[in-house]
Amino acid sequence: VQLQASGGGLVQAGGSLRLSCASSGHTFSSYFMAWFHQAPGKGREFVAAISRRGDRTHYADSKEGRFTISRNNAENRVFLQMNSLKPEDTGVYYCAAEHIVVRDYSNYAKYSYWGQGTQVTVSS
């Protein structure tokens, strides 16, 4: 399983970015997908997760209403639309995958596969 995240960059507070994570080497539709955020000097924190068919989504309280996770199983991609960005959203964003389902979806240790991360910097 290989995951490649992209779409990060530098944006002003209040702006938007759309992250993408391309997967290969597995049947994408069989995998539960998630995004995590690692701020400078901090641990990896849950952002959002999506079920295999995309019919269920979960969000961290701090991100709900601003971020939207989605997936396109035909393209083997998962996306994170980030709106109303804040300086505290700065950091590296990682996509993660686990086969079938993750019940404790906010726990990074439950995911077996990770992308390399993409840097997001939000200036004030």
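Scroll up for the structure.
Bear in mind that the values here come from a model prediction, so they are computed numbers and not experimental data.

A. Geometry of the nonpolar core. Membership of the largest hydrophobic core comes to 25 residues, with the highest contact counts inside it found for M33, W35, I69, V78, L80, M82 and Y93. Sorting the residues of this core by element identifies β1 (2-6), β3 (17-24), β4 (31-38), β5 (44-50), β7 (67-72), β8 (77-82), β9 (91-99) and β11 (118-123) as the ones contributing at least two each. With nine residues, the next largest nonpolar core counts A34, F36, A60 and A96 among its residues.

B. Representation of unusual backbone geometry in the model. Its identity is not glycine, yet S84 carries a phi of approximately 50°, on the positive side. Checked against the element boundaries, S84 lands in the loop between β8 and β9. A positive phi angle is found at I100, which is not glycine, with a value near 75°. One can find I100 in the loop between β9 and β10 (113-114).

C. Main features of the pattern of salt bridges. This structure, assessed with the given rule, holds three salt bridges. Across the salt bridge formed by D55 and R53, the nearest N and O atoms sit 3.3 Å from each other. Judged by its relative accessible area of 71%, R53 is exposed. Here D89 and R66 are joined by a salt bridge, their closest N and O atoms 2.8 Å apart. With D89 in the loop between β8 and β9 and R66 in the loop between β6 (57-59) and β7, the pair connects residues that are 23 residues apart, well separated along the chain. Judged on exposure class, the residue D89 and its partner R66 are both buried.

D. Fine view of the state of the cysteines. Counted according to the given criterion, the structure contains one disulfide. Covalently, C21 is tied to C95 through a disulfide, its sulfur atoms 2.1 Å apart. Handedness of the C21-C95 disulfide follows from its S-S torsion of about 60°: it is right-handed. With C21 in strand β3 and C95 in strand β9, this pair connects stretches of sequence that are 74 residues apart.

E. Layout of the side chain of S23. In this structure, S23 sits in strand β3. Within polar-contact distance, the side chain of S23 engages the side chain of H26 at 3.4 Å. The contacts of S23, once residues within four sequence positions are left out, are Q2, L3, F28 and N76.

Rules used throughout
Residues numbered from 1 in each chain as written. Predicted model: local features only at pLDDT ≥ 70, side-chain atom pairs only at ≥ 80, totals over all residues. Heavy atoms only, no water. Core = buried A, V, L, I, M, F, W, Y, C linked by side-chain atoms within 4.5 Å. Buried < 20%, exposed > 50% of the residue type's maximum accessible area, 1.4 Å probe, protein only. Helix = DSSP H or I, 4+ residues; strand = E, 2+ residues; numbered from the N terminus. Salt bridge = Lys/Arg side-chain N within 4 Å of Asp/Glu carboxyl O. Disulfide = S-S within 2.5 Å. Polar contact = N/O pair within 3.5 Å; in protein donor to acceptor, adjacent residues only side chain to side chain. Contact = heavy atoms within 4.5 Å.

From the geometry alone we can't say anything about function, so treat these as descriptive.
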